[in-house]
Amino acid sequence: MASSSLSVIQFLVVFFFVSQLPSSSSLPDGIVFKLKRDTSTLQYMIKFSQGTPKADVKLALDLGGKLPWFDCHEGYNSSSARRVKCKSSLCSLANRENTTSTCSHNSHCSIHKLNPVTQSISEGAKGVAGLGRSSALSLVFQFAIRFRFPRTFAVDLLESNVYFGGGPYVHRNFYWDHDKSRVLEYTRFLINPMSIEEYFVDLKSIKVYGKTVPIDKKLLSINKGTGVGGTKIDIQTPFTTLQTSIYKAFIKIHTEWAKSMNISMVTPVAPFTACYNSSTLPPFNGNRQTPGVTFVFPKNEWGVAWRDLVEVNEATNCVGFVDGGLKPMTSIVIGARQIGFAEFDISRSRLGFLQPNFMT
């Protein structure tokens, strides 16, 4: 679908919105948005109030997005909306951060943007909240500048919250004192030179019930020239995707475990390929059970789930991982199902995660 030309005012308006919030003498400790999930696209969205008079705008979260923007061409009439001139400092900033910036007729600064999930500017969300790790227009950076926050945000997909400013976090595993330092572990981010806004991590291996999945190590490294390979975090991906050879090895170990536990397999339900009869699953043993899936980093491990089985109906549970194809751009994309809670500390270039994640 063809992209739509959007003026710079439409993505910088978020900065103008936050500038109307409390003055520096009463700066908040953090900002929290409730997350809503679109049932058709499975993308996570937040809601802003914009314009004069105020109107609600839904924005899809994009971890690798350079900027926040929304479409105000249809059904939007604000007396405070202003176009940005081509030779302005705002347009210059947009040109540095966005390769598709152009100067339209009447000397207005414009960009071309699409919702990365729907490949359109509609369908649920009216725009995108870009949370890229290096762009000066990223929503994370705009909040950090306006409110003197750390360049840190966290997504809690279990409690449906997104936090800006580094906490405190209210979560079932943080107890009453909200001391996140007691429960978060960290691993460093890597830089993909061809995709610097996205959040790549140094994944070394994957374990299924303690058994290491055989993986071609070349797939886990990032090609500096093409950007192909490696592992990234992406909440717009519903389920973690694995390059085909990794996926087959992963499923092989998982089905071997199922057989050893006398769990019956059933006809798979797309997009999954390994599904089990729910009535044959063993009882859940909580903390005494080995995590079903573990991501192994250089200095620690992330037990992302006890079982990580998706209940597709009353009788069927499926392994919540998906085949990502033979030649994907990124070998492993850790998706929303396996993320649960994650902190993105841009200042220290590290990912914070719960250990273990309490997804079943």
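For the structure, check the block above.
Just so it is clear, the structure is predicted and the values come from calculations on it, not from any experiment.

Draft legend 1. Spatial organisation of the sheet that holds strand β14 (residues 205–208). Taking strand neighbours across the sheet as the criterion, the four strands line up as β15-β14-β20-β21 in an open arrangement whose pairing is antiparallel. Lying at the two open borders of the sheet, with one neighbouring strand each, are β15 (211–212) and β21 (301–305). Alignment of β14 against strand β20 (residues 293–296), held across four bridges, turns out to be antiparallel. Residue pairing for β20: serine 205 is matched across the bridge by valine 296.

Draft legend 2. Inspection of the packing of aromatic side chains at higher detail. Tallied over the entire structure, the rule returns 19 aromatic pairs. Note on phenylalanine 143 and phenylalanine 164: the rings are 4.9 Å apart at their centroids and 65° apart in plane angle, and the pair reads as edge-to-face. Of this pair, phenylalanine 143 sits in helix α3 (residues 139–147) while phenylalanine 164 sits in strand β11 (residues 161–164), and the two are 21 residues apart along the sequence. Each member of the pair phenylalanine 143 and phenylalanine 164 is classed as buried. With a centroid separation of 5.0 Å and an interplanar angle of 25°, the aromatic rings of tryptophan 302 and phenylalanine 353 are classed as stacked. A residue pair is termed long-range when its members are at least 10 positions apart, and tryptophan 302 in strand β21 and phenylalanine 353 in strand β27 (residues 350–354) qualify at 51 residues. The two residues tryptophan 302 and phenylalanine 353 agree in class, both being buried. By way of ring pairs, the aromatic residues Phe33, Phe143, Phe147, Phe149, Phe153, Phe164, Phe189, Tyr199 and Phe344 are connected into one cluster.

Draft legend 3. Looking closely at the nonpolar core. Ile46, Phe153, Phe164, Ile206, Phe250, Phe295 and Phe344 are the most contacted members of the largest nonpolar core, which totals 68 residues. Per-element tally for this core: the top contributor is helix α5 (residues 244–260), with eight residues. Not counting residues up to four positions away in its chain, the partners in contact with isoleucine 46 are Phe33, Lys34, Leu35, Val57, Lys58, Leu59, Leu61, Ala129, Leu139 and Val162. In terms of nonpolar packing, the next biggest core, distinct from the first, is built from seven residues, Tyr169, Leu184, Phe341 and Leu354 among them.

Procedures and definitions
Every chain is numbered on its own, with residues counted from 1 as its sequence reads. Side-chain atom pairs in this predicted model are given and counted only at pLDDT of 80 or more, local residue features only at pLDDT of at least 70, and totals for whole chains, interfaces and linings cover all residues. The side-chain figures draw on all heavy atoms in the structure; neither hydrogens nor water molecules are used. Note on pairing: two strands pair once DSSP finds at least 2 bridges between them. We count a stretch as a helix when DSSP gives it H or I for four or more residues in a row; a strand needs E for two or more, and each element gets its number in order from the N terminus. Two aromatic rings from Phe, Tyr or Trp, using only the six-membered ring of Trp, form a pair when their centres are within 6.5 Å; if the ring planes differ by under 30 degrees the pair is stacked, by over 60 it is edge-to-face, and anything between is tilted. The rule is simple: take the accessible area with a 1.4 Å probe, protein chains only, and divide by the maximum for that residue type; under 20% is buried, over 50% is exposed, in between is partly exposed. Take the buried Ala, Val, Leu, Ile, Met, Phe, Trp, Tyr and Cys residues and link them wherever side-chain atoms come within 4.5 Å; each set so joined is a nonpolar core. Only heavy atoms matter for contacts: two residues are in contact if any of them lie within 4.5 Å across the pair.

The analysis is restricted to geometry; functional conclusions fall outside its scope.
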